[in-house]
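Observations on the three-dimensional arrangement
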Amino acid sequence: DDDTLVFESRFESGNLRRAIQIYPDEYDLILRPDINTRGHTQWYYFGVSNMRKGRRYKFNVINMMKPDSVYNQGLKPLLYSNKETRRRQHAAAEAGDG
């Protein structure tokens, strides 16, 4: 049973250039630079599949080096889960809220 994560960014605004597995649950990510910059990357947009429930994964974005990045000021990454959204919508519908 292959538990390697599958990364995808071949969609509008997707900017993941490469994902490299360095440990079973850890990946180095290289992003495409933002347009009209000197090679800086301020954002990221990509999908990940084949994740396993109960496992912790670590993603190292290794080329986000903009000196005044909002991440240096404490901004945290955003994670969106289709599965979690469907679960919440189902629970709301059962409760009569949706």
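Please refer to the structure placed before this passage.
In what follows, the accompanying structure is described. (Residues numbered from 1 in each chain as written. Predicted model: local features only at pLDDT ≥ 70, side-chain atom pairs only at ≥ 80, totals over all residues. Heavy atoms only, no water.)

We now examine the nonpolar core. Among the nonpolar cores identified, the biggest contains 8 residues, and these are Leu5, Phe7, Leu16, Tyr27, Leu29, Leu31, Phe46 and Tyr57. Looking at this core element by element, the count peaks at 3 residues for strand E3 (residues 26–31). Setting aside anything within four residues of it in sequence, one finds leucine 31 in contact with Asn15, Leu16, Arg17, Thr41, Trp43, Tyr44, Val61, Asn63 and Met64. (Core = buried A, V, L, I, M, F, W, Y, C linked by side-chain atoms within 4.5 Å. Buried < 20%, exposed > 50% of the residue type's maximum accessible area, 1.4 Å probe, protein only. Helix = DSSP H or I, 4+ residues; strand = E, 2+ residues; numbered from the N terminus. Contact = heavy atoms within 4.5 Å.)

This next bit is on the pattern of salt bridges. Taken as a whole and assessed by the stated rule, the structure comprises 6 salt bridges. Arginine 10 is the salt-bridge partner of glutamate 8, the closest N and O atoms lying 2.8 Å from each other. Relative accessible area serves as the criterion here: at 73%, arginine 10 is assigned to the exposed category. For arginine 55, the salt bridge identified is with aspartate 25, shortest N-O distance 2.3 Å. (Salt bridge = Lys/Arg side-chain N within 4 Å of Asp/Glu carboxyl O.)

Before going further, it helps to examine the packing of aromatic side chains. What the rule picks out here adds up to 6 aromatic pairs. Residues phenylalanine 7 and phenylalanine 46 carry aromatic rings whose centres are separated by 6.1 Å and whose planes lie at 45° to one another, so their mutual orientation is tilted. Of this pair, phenylalanine 7 sits in strand E1 (residues 6–8) while phenylalanine 46 sits in the loop between E3 and strand E4 (47–49), and the two are 39 residues apart along the sequence. This pair shows no difference in class: phenylalanine 7 is buried, exactly as phenylalanine 46 is. For the pair phenylalanine 7 and phenylalanine 59, a centre-to-centre distance of 5.6 Å together with 70° between the ring planes defines the contact as edge-to-face. Placement of the pair is phenylalanine 7 in strand E1 and phenylalanine 59 in strand E5 (residues 58–61), with a sequence separation of 52 residues. On the basis of relative accessible area, phenylalanine 59 is assigned to the partly exposed category, the value being 31%. The rings of Phe7, Tyr27, Tyr44, Phe46 and Phe59 are connected pair by pair, giving a single aromatic cluster. (Phe/Tyr/Trp six-rings, centres within 6.5 Å; stacked < 30°, edge-to-face > 60°.)

Geometric descriptors of this kind do not, in isolation, establish any biological role.
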